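The chain contents come next:
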Amino acid sequence: AQSVTQLDSHVSVSEGTPVLLRCNYSSSYSPSLFWYVQHPNKGLQLLLKYTSAATLVKGINGFEAEFKKSETSFHLTKPSAHMSDAAEYFCVVSGRLDTNAGKSTFGDGTTLTVKP
Amino acid sequence: GAGVSQSPSNKVTEKGKDVELRCDPISGHTALYWYRQSLGQGLEFLIYFQGNSAPDKSGLPSDRFSAERTGGSVSTLTIQRTQQEDSAVYLCASSLDSTNQPQHFGDGTRLSIL
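Here's a quick rundown of the structure. The structure presented is a predicted model; accordingly, all values stated were derived computationally and were not measured.

1. Looking at the overall build of chain B
When you go through chain B residue by residue, the secondary structure sums to zero helices and eleven strands. What you see in chain B, going N to C, is helices and strands ordered as β-β-β-β-β-β-β-β-β-β-β. The C-alpha radius of gyration of chain B comes to 13 Å, within 12% of the 13 Å expected for a compact globule of 114 residues. Each principal axis of the C-alpha distribution contributes one length, and for chain B these read about 35 × 25 × 25 Å.

Structure below.
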């Protein structure tokens, strides 16, 4: 079984300050982990993915995430928020081909607000 | 086009009618997924296809929901005898295959049941 928990439903930051969106996962095997962003009335766009290579993953738009197995976490960070970062963010855990093939479990999402 | 295309973008229909939603995946992507997103909610997995077969239909909420995929490409999601609780955004995604590849999403179909 697999699950993912996004610890904050809403995060508000000021423009130019750091962003931290928290995600914890549960999986009985080495998972693949993803962060997606969704702007209003749009589909989801991939920010970054972890697939058992480097534990620090760099994505688009200056975002990065660190896989910490001991803490079962995959938090998303950005050093300096921009107004255009305001959106909904989803953390996703994905199953292995031979177990949960194709089955991705999405977190409930975190709404990021960026104040001027 | 280069991305996943969904049609229609918006659909308003009366309770009890049948609706059909269409998804055109990225060319060459063998895996295709359907999700439902209700207002203010996360994504609810409905079904996924690997090629034309659907190994996992566990997310379909009732027997009013069905999906098919032909030619390893276009997929349709059909909802029969629609109910008001079916109102949501239906998102389609595709990926190269189902081995933990990133999913590429369409912009969704916003379905409203009156």
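2. Here's the deal with the state of the cysteines
This structure, assessed with the given rule, holds two disulfides over all chains. With its sulfur 2.0 Å from that of its partner, Cys23 of chain A forms a disulfide with Cys91 of chain A. Taking the torsion about the sulfur-sulfur bond, which here is approximately -65 degrees, the covalent link between Cys23 of chain A and Cys91 of chain A counts as left-handed. On the criterion of sequence distance, the pair formed by Cys23 of chain A in strand S4 (residues 23–27) and Cys91 of chain A in strand S10 (residues 87–94) is long-range, its members being 68 residues apart. The buried category is assigned to Cys23 of chain A, whose relative accessible area is 0%. The partner cysteine of Cys23 of chain B in its disulfide is Cys92 of chain B, sulfur to sulfur 1.9 Å. Across the disulfide from Cys23 of chain B to Cys92 of chain B, rotation about the S-S bond amounts to roughly -70 degrees, and the bridge is consequently left-handed. Within this pair, whereas Cys23 of chain B is found in strand S3 (residues 19–24), its partner Cys92 of chain B is found in strand S9 (residues 88–95), the two being separated by 69 residues in sequence.

Rules of the game
- Residues numbered from 1 in each chain as written.
- Chains lettered and ligands numbered in written order.
- Predicted model: local features only at pLDDT ≥ 70, side-chain atom pairs only at ≥ 80, totals over all residues.
- Heavy atoms only, no water.
- Helix = DSSP H or I, 4+ residues; strand = E, 2+ residues; numbered from the N terminus.
- Rg over C-alpha atoms; globule rule 2.2 N^0.38 Å.
- Disulfide = S-S within 2.5 Å.
- Buried < 20%, exposed > 50% of the residue type's maximum accessible area, 1.4 Å probe, protein only.

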